[in-house]
Amino acid sequence: MSKVQGGMKCVKYLLFVFNFIFWLSGSLVLAVGLWLRFDPDTDNLLAGNDAPEHFFIAVYILIGAGGVMMLVGFFGCFGAVRESQCLLGSFFACLLVIFGAEVAAGVFGFLNKDKIIQDVQNYYQSSMENDNGTAVVSMFQNVLECCGLESSPSPSSELCIVENPVMDCNTAIEDFFNNKLFIIGYVGIGIAGIMIIGMIFSMVLCCAIRNSREVI
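Quick summary incoming for the structure in this document. As the structure is a prediction and not an experimental result, all values here were calculated from the model.

## Quick notes on the environment of Leu-36
Turning to its location among the elements, Leu-36 is positioned in helix H1 (residues 2-38). Apart from residues no more than four positions distant in its own chain, Leu-36 is found in contact with Thr-42, Phe-55, Phe-56, Val-59, Leu-62, Lys-180 and Ile-184.

Spelled out as structure tokens, the structure:
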């Protein structure tokens, strides 16, 4: 019986430490989401009323997941300390829901990656063709240090705001948003792995609590 209690305490403390790390991970996810949302470069590029919103949809999912992770991590710590099967079961269910949401968000981002980039490129091109889109074109070219389109790498001088453009704007947009989407993907994969460990720990502790009470 002492061995069972000792093993249960070991799992309990491991789960408590995990939940604290999970809470910190939620803070990191929330911070990354807020940075992606309010990053001056991204915000300036997609500030227009006609700008595509697919990128920000993925960012909002990331912010929501981070906030929920912080809340779930707090309750997971509380459930581990109190050795409550109800709280631990709820913690497992919450992790499972968040895990499913992250998988869905990852699939959404993967399937729509090219569409997000294409929508932004179309937004830039339509701004170039629109007489009222000079401010948008100027913002894209200044932020990305680019000029013109891939189909016309040597645009007329009146369309080129940057003196020494690094590349055409279609390529610059693709590189810029690929980097942002990779950040979202890497963070999501890391958090998914952490959640799987948390679900295993919570179930092990639940079983240990139930077995110890049956022995008593």
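So, next bit.
## Brief notes about the environment of Phe-177
Mapped onto the elements, Phe-177 comes out in helix H6 (residues 169-215). Residues Phe-177 and Lys-113, 64 residues apart in the sequence, show an inter-C-alpha distance of 8.8 Å.

## Points about helix H5 (residues 134-144)
Turn by turn, an α-helix covers 3.6 residues, leaving residues three or four places apart pointing in a common direction. Inspection of H5 places Val-137, Phe-140, Gln-141 and Leu-144 among the buried residues, and these make up the whole buried set. Looking straight down H5, one finds that the buried residues subtend no more than 90 degrees of arc, so they occupy a single side. Exposed side chains of H5 directed beyond 90 degrees from the buried face belong to Thr-134 and Ala-135. Glu-145 occupies a position one or two residues after H5 and carries a positive phi of about 55 degrees.

## Overview of the packing of aromatic side chains
Following the criterion strictly, the structure yields four aromatic pairs and no others. Summarising the aromatic geometry, the rings of Tyr-124 and Phe-140 are spaced 5.4 Å apart at their centres and angled 45 degrees between planes, so their arrangement reads as tilted. Placement of the pair is Tyr-124 in helix H4 (residues 85-129) and Phe-140 in helix H5, with a sequence separation of 16 residues. Relative to Phe-177, the ring of Phe-176 lies with its centre 5.1 Å away and its plane at 80 degrees, an arrangement referred to as edge-to-face. Each of the two residues, Phe-176 as well as Phe-177, counts as buried. Here the aromatic cluster, defined as three or more aromatic residues joined through ring pairs, consists of Tyr-123, Tyr-124 and Phe-140.

Conventions used here
- Residues numbered from 1 in each chain as written.
- Predicted model: local features only at pLDDT ≥ 70, side-chain atom pairs only at ≥ 80, totals over all residues.
- Heavy atoms only, no water.
- Helix = DSSP H or I, 4+ residues; strand = E, 2+ residues; numbered from the N terminus.
- Contact = heavy atoms within 4.5 Å.
- Buried < 20%, exposed > 50% of the residue type's maximum accessible area, 1.4 Å probe, protein only.
- Arc of directions from axis to C-beta.
- Phe/Tyr/Trp six-rings, centres within 6.5 Å; stacked < 30°, edge-to-face > 60°.

So, to be careful, I would describe these as geometric facts and stop short of saying anything about function.
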